[in-house]
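Working through the structure, step by step
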Amino acid sequence: MRFWTVFICNDLRNISRDSLLIFVLTLPWLIPVVFRLGFPPLAMRLESSYHFNLQLYYPLILSFAVLLQVPLIFGIVFGFLLLDEKDDGILAAIQVSPLSMDGYLRHRLLLTGLLSVLYVVIMLPATGMVSWALLFNLLPIILLAGLLGVGATLFIAVVANN
């Protein structure tokens, strides 16, 4: 259990050193702001000017913005952290430590999946378009979205060289 806290503190330290990763992690917090402040005036403008009802497409836009983007953001961040650790030789050091490589990857992927699911659960009601009661019905989709973040992490780790 102690290695979890050590790895999480190390991840936070590595993220705080990279301004791009900090910026990428702030992006999910902009999604509810855009949905609450930007979409109602845009929908009224499109309705009055072009007779286009944007509200019919809210579920599609919401699923793209929250269910796909938020897990991908976490997958990218943790994939880049994995690449940094690979470049710095930390993965070679982990192989000879008491923590196995399987344990390390389990930590990395479980953290990615849990944070993806947690953020999606927070962001969906924060947009004002999904009620807390509806979240229970969306739970299978939210769990699959968490796997998307894990898949993005694995994809970056396998495909990227540097």
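Our subject is the structure listed above.
Here's a quick rundown of the structure. (Residues numbered from 1 in each chain as written. Predicted model: local features only at pLDDT ≥ 70, side-chain atom pairs only at ≥ 80, totals over all residues. Heavy atoms only, no water.)

This part covers the side chain of Thr-127. With respect to the secondary-structure elements, Thr-127 resides in the loop between helix H5 (101-126) and helix H6 (132-135). For Thr-127, a relative accessible area of 2% puts it in the buried group. Contacts of Thr-127, omitting those with residues within four sequence positions, involve Ile-31, Pro-32, Phe-35, Arg-36, Leu-62 and Val-66. (Helix = DSSP H or I, 4+ residues; strand = E, 2+ residues; numbered from the N terminus. Buried < 20%, exposed > 50% of the residue type's maximum accessible area, 1.4 Å probe, protein only. Contact = heavy atoms within 4.5 Å.)

A cluster of nonpolar side chains, Tyr-50, Phe-52, Leu-56, Tyr-57 and Leu-60, forms an exposed patch at the surface whose accessible area comes to about 590 Å². Here Tyr-50 lies in helix H2 (residues 19-50). (Patch = residues over 30% accessible without salt bridge, like charges linked within 9 Å, V, L, I, M, F, W, Y side chains within 5 Å. Areas by Shrake-Rupley, 256 points an atom, 1.4 Å probe, with all protein chains shown as cover. Salt bridge = Lys/Arg side-chain N within 4 Å of Asp/Glu carboxyl O.)

Take Asn-14: it is sitting in helix H1 (residues 2-17). Residues contacting Asn-14, with those up to four places away along its chain left out, are Leu-81 and Glu-85.

Moving on to the packing of H1 against H5. Packed helices, taken two at a time, are described by the angle between their axes plus the distance between the axes. Put simply, H1 and H5 touch, their axes get as near as 11 Å, and they point 60° apart. Relative to H5, the element H1 is oriented oblique. In this structure, H1 crosses over H5, and the sense of that crossing is right-handed. In contact with Trp-4, Phe-7, Ile-8 and Asp-11 of H1, H5 contributes Tyr-104, His-107, Arg-108, Leu-110 and Leu-111. Split into classes, the residues belonging to the contact of H1 with H5 amount to six nonpolar, one polar and two charged. (Axes fitted to C-alpha atoms, helices over the stretch in contact; angles between N-to-C directions. Parallel < 35°, antiparallel > 145°, perpendicular 65-115°, else oblique. Left-handed = near helix turned anticlockwise from the far one by under 90°. Nonpolar A, V, L, I, M, F, W, Y, C, P; charged D, E, K, R; others polar.)

The next point concerns the environment of Asp-84. Inspection of the secondary structure puts Asp-84 in helix H3 (residues 58-87). Note on Asp-84: relative accessible area 37%, which makes it partly exposed. Placed 78 residues apart in sequence, Asp-84 and Asn-162 show a C-alpha to C-alpha distance of 8.1 Å.

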